[in-house]
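Observations on chain architecture
Here are the chains, one letter per residue:
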Amino acid sequence: MVSGLDIFLWAILPYIVLTIFIGGLIYRYQKDQFGWTTKSSEILEKKRLRIGSLMFHWGLIFVFGGHVAGILVPIQFYEALGIPEHIYHKIAIILGMPAGIVAFIGILLLLHRRISVKRIFKTTTTGDWVALLVVILCLATGLTATSLNVDGHGFDYRTTIAPWFRGIFTFHFQPELMAGIPIWFKIHILSTFILYTVWPFTRLVHAFSFPLRYLTRNYVIYKRRVREI
């Protein structure tokens with residue numbers, strides 16, 4: 001039986017988070033375009049930034065790819081290819097765990113850099129701390145949930161979390177699918193809700209900045225001087 005709390009967490013809260021996320025991004029872009037930036041601290045320290053940033057971003061790319069493959073791609077697609085659940089699970093663990101660990105180590109290095117380099121520490125805003133800690137929380141809970149599900153334990157998120165998540169975007173509410181999933185997966189999903197809630201109000205917005213104009217603009221931009229009359 002689905003409780004009232006389950007209905008709120010898995011049928012109502014996602015839309016509250018989506019509203020804040022989308023509305024916040026629109027508001028931020030309209031009101032604070034100059035603040036829509038990574039606020040890079042490279043000028044203050046480069047070596048540790050390069051190592052931590054590369055590990056975090058490359059690890060995150062593969063983590064994101066794994067989430068797309070497991071959550072957005074229906075299980076019927078893999079069944080049509082003849083890929084059984086235990087084979088998919090092994091591939092997900094072998095590829096997903098190392099990627100998550102690399103991303104997690106990378107973000108910890110960035111956190112240590114921000115704490116240990118005095119000039120960076122003094123220029124770090126509250127939003128920067130919130131963004132770092134929430135990302136660490138998401139990665140930590142994700143790794144925990146994955147590690148506790150290494151042998152499967154009879155739980156296949158492609159038949160529960162995946163259709164629930166896709167149903168959010170088709171307004172097909174299925175909170176009953178989430179009622180019985182392992183607690184660590186619930187904690188991980190709720191931590192991502194926190195991430196999406198704070199995203200529009202931190203430097204994380206730079207993830208939506210795509211420098212497409214660089215592909216077509218001139219290498220050197222000349223500006224014409226206008227003579228005053």
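Look up: the structure comes first, before these words.
The structure presented is a predicted model; accordingly, all values stated were derived computationally and were not measured.

**Remarks on the overall build of the chain**
Regarding its fold elements, the chain presents nine helices and zero strands. The linear arrangement of helices and strands in the chain, starting from the amino end, is α-α-α-α-α-α-α-α-α. Looking at the 229 residues of the chain, the share that counts as buried comes to 37%. Nonlocal contacts in the chain, meaning residues at least 24 apart in sequence, comprise 79% of its contacts between residues at least 6 apart. Carbon and sulfur atoms provide 70% of the accessible area of the chain, an area that totals close to 15200 Å².

**A look at empty space enclosed by the protein**
One pass over the structure, following the stated rule, counts one cavity of 30 Å³ or more. The space that makes up the largest cavity amounts to roughly 40 Å³. Looking at the largest cavity, the residues that line it are Trp10, Ala11, Tyr15, Trp164, Gly167, Ile168, His172, Phe173 and Gln174. Among the secondary structure elements, those contributing two or more residues to the lining of the largest cavity are α1 (4-31) and α7 (161-170).

**Digging into the environment of Ala162**
Secondary-structure assignment places Ala162 in helix α7. Judged by relative accessible area, which is 0%, Ala162 ranks as buried. Counting along the chain gives 92 residues from Ala162 to Gly70, while the straight-line C-alpha distance between them is 7.1 Å. Residues contacting Ala162, with those up to four places away along its chain left out, are Gly70, Ile71 and Tyr157.

**Regarding helix α6 (residues 126-148)**
Taking 1.5 Å per residue as the helical rise, α6 with its 23 residues ought to reach 33 Å, and the 33 Å between its terminal C-alpha atoms agrees with that figure. Its buried side turned inward, α6 meets α2 (47-72), α4 (85-116), α5 (118-123) and α9 (183-198).

**A look at the pattern of salt bridges**
According to the stated counting rule, one finds four salt bridges in the structure shown. The salt bridge partner of Arg113 is Glu45, with a shortest N-O separation of 2.6 Å. Placement of Arg113 in helix α4 and of Glu45 in the loop between α1 and α2 is noted, with a sequence separation of 68 residues between them. Owing to a relative accessible area of 1%, Arg113 belongs among the buried residues under this scheme. Residue classification places Glu45 among the buried residues on the basis of a relative accessible area of 14%. Arg158 is paired through a salt bridge with Asp156; the nearest N and O atoms lie 3.2 Å apart.

Reading guide: rules and limits
Residues numbered from 1 in each chain as written. Predicted model: local features only at pLDDT ≥ 70, side-chain atom pairs only at ≥ 80, totals over all residues. Heavy atoms only, no water. Helix = DSSP H or I, 4+ residues; strand = E, 2+ residues; numbered from the N terminus. Buried < 20%, exposed > 50% of the residue type's maximum accessible area, 1.4 Å probe, protein only. Contact = heavy atoms within 4.5 Å. Areas by Shrake-Rupley, 256 points an atom, 1.4 Å probe, with all protein chains shown as cover. 1 Å grid on protein atoms, 1.4 Å probe; cavity = no way out; pocket = protein on both sides within 12 Å on 5 of 7 lines; lining within 4 Å. Points joined across faces, edges and corners; volume = space filled by probe spheres on them. Expected span 1.5 Å × (residues − 1). Salt bridge = Lys/Arg side-chain N within 4 Å of Asp/Glu carboxyl O.

As far as function goes, none of this settles anything; it's purely spatial.
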